[in-house]
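# Notes for the structure review
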Amino acid sequence: MSCKADLTVKPEVTPFFDPATNTISYVVKDPGSDACAVVDSVMDIDYAAGRISYESADAIIAFVREQGLRVEWLIETHVHADHLSGAPYIQAALGGRIGIGSQITVVQETFGKVFNEGTEFQRDGSQFDRLFDDGDTYQVGGMTACAIHTPGHTPACMTHVMGDAAFVGDTLFMPDGGSARADFPGGDAGTLYDSIQKVLALPRETRLFMCHDYGPNGRDIAWETTVGEQQGHNIHVGKGRTREEFIAMREARDATLKMPTLIIPSLQVNMKAGELPPEDESGKRFLKVPLGAL
């Protein structure tokens, strides 16, 4: 089935901006009940010091409790390469099911090799509570949500449509930010263009919520736009830019980009649904640094 935005259903969307990673997480409340979903939560890491903390996730937990909400879903739009997921930490405090696109298995297979994971690492997505295929629906209270497979940035990227709101992950940025890179393993610029067209085929009034914003040209951080605004003004895909033009632009731009600062810890943790490595006999946890693999 195809996903359709329901412009008559307007969920309450509360953003949480993490300045350390320029990530925006969301609490999305069903307008007809106390049910909500948490989208793309963050676990904090001081990479140089090797310290994990939970200020960002605690802010979401506090908000949910203050508002008397009930978490039904913890949605990961994709396996993030620039921040660690706070989903299991929030799940332990508030409940809910962790969901991601079914192509997580492709990501796990790819990066299981990069990080030399042993046979104990299951590459079947079983670390997550739900794997979404293209067109799958689920409920947030009385609100029907739908997942659209939008690969290109990563194989497992999904856009989640809830009422008149769509959460696009890294597929799109704000109109003056353009689009996500497509040079990670499993990424593809042409596939990304095709995925963006799926998002832009939603009704023009559909609200779009970004996973990241970097304030291009010094403007204030922003995270909400519409399909119509993206169609008309997105610097990478707006105003009818062709697939061939997009591929040439995206590949040239990606060739100049450095790897994200947190890509090594993020991928190791996020491909396992946000779970940290197990403790060794001394009670310490360790992440791996693959040399020359990325």
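Here's a quick rundown of the structure. (Residues numbered from 1 in each chain as written. Predicted model: local features only at pLDDT ≥ 70, side-chain atom pairs only at ≥ 80, totals over all residues. Heavy atoms only, no water.)

### Overview of the overall build of the protein chain
For the protein chain, the helix and strand inventory stands at seven helices and 14 strands. Rg of the C-alpha trace for the protein chain: 18 Å, near the compact-globule value of 19 Å for 294 residues, within the 12% margin. Projected onto the principal axes, the alpha-carbon positions of the protein chain cover approximately 55 × 45 × 40 Å. Here the protein chain holds 294 residues, and 53% of them are scored as buried. Accessible area of the protein chain: about 12600 Å², with a carbon and sulfur share of 51%. (Helix = DSSP H or I, 4+ residues; strand = E, 2+ residues; numbered from the N terminus. Rg over C-alpha atoms; globule rule 2.2 N^0.38 Å. Buried < 20%, exposed > 50% of the residue type's maximum accessible area, 1.4 Å probe, protein only. Areas by Shrake-Rupley, 256 points an atom, 1.4 Å probe, with all protein chains shown as cover.)

### Concerning the packing of helix α1 (residues 55-66) against helix α2 (residues 87-94)
It is at 10 Å that the axes of α1 and α2 come closest, and there the two elements cross at 30°. Considering their axes alone, α1 and α2 lie roughly parallel with respect to each other. Where α1 crosses over α2, the two elements pack in a sense that is right-handed. Between α1 and α2, the contacting residues are Ala57, Asp58, Ile60, Ile61, Val64 and Arg65 on the first element and Tyr89, Ile90, Ala93 and Leu94 on the second. (Axes fitted to C-alpha atoms, helices over the stretch in contact; angles between N-to-C directions. Parallel < 35°, antiparallel > 145°, perpendicular 65-115°, else oblique. Left-handed = near helix turned anticlockwise from the far one by under 90°. Contact = heavy atoms within 4.5 Å.)

### Overview of the sheet that holds strand β6 (residues 70-75)
Pairing between the strands of a sheet is mediated by backbone hydrogen bonds and can be parallel or antiparallel. What the six strands build is an open sheet, ordered β1-β2-β3-β6-β7-β8; its pairing is mixed. Two strands in the sheet have a free side with no partner beyond their single neighbour: β1 (12-18) and β8 (130-132). For this sheet, the mean inter-axis angle between neighbouring strands, taken without regard to orientation, is 25°. Two strands pair when backbone bridges link them, and strand β3 (residues 35-39) and β6 are joined in this way by five bridges, in the parallel orientation. Paired with Val38 across the bridge in β6 is Leu74. (Pairing = 2+ DSSP bridges.)

### Points about helix α4 (residues 189-200)
Taking 1.5 Å of rise per residue, the 12 residues of α4 would be expected to cover 16 Å, and the 16 Å separating its terminal C-alpha atoms lies within 8% of that figure. Inspection of α4 places Ala189, Gly190, Leu192, Tyr193, Ser195, Ile196, Val199 and Leu200 among the buried residues, and these make up the whole buried set. At its buried positions, α4 is contacted by β10 (143-149), β11 (158-162), β13 (207-209), α5 (227-233) and α6 (243-254). (Expected span 1.5 Å × (residues − 1).)

### Focus: the pattern of salt bridges
Opposite charge on two side chains lets them pair, provided their charged atoms get close. Under the definition given, this model contains 15 salt bridges. The salt bridge partner of Asp34 is Arg70, with a shortest N-O separation of 2.9 Å. With a gap of 36 residues between them, Asp34 in the loop between β2 (23-29) and β3 and Arg70 in strand β6 connect regions that are remote in the sequence. Its relative accessible area of 37% is what places Arg70 among the partly exposed residues. For Arg123, the salt bridge identified is with Glu109, shortest N-O distance 3.9 Å. Note that Arg123 is positioned in the loop between α3 (104-114) and β8 and Glu109 in helix α3, a separation of 14 residues in sequence. On the basis of relative accessibility, which here comes to 24%, the residue Arg123 falls in the partly exposed class. (Salt bridge = Lys/Arg side-chain N within 4 Å of Asp/Glu carboxyl O.)

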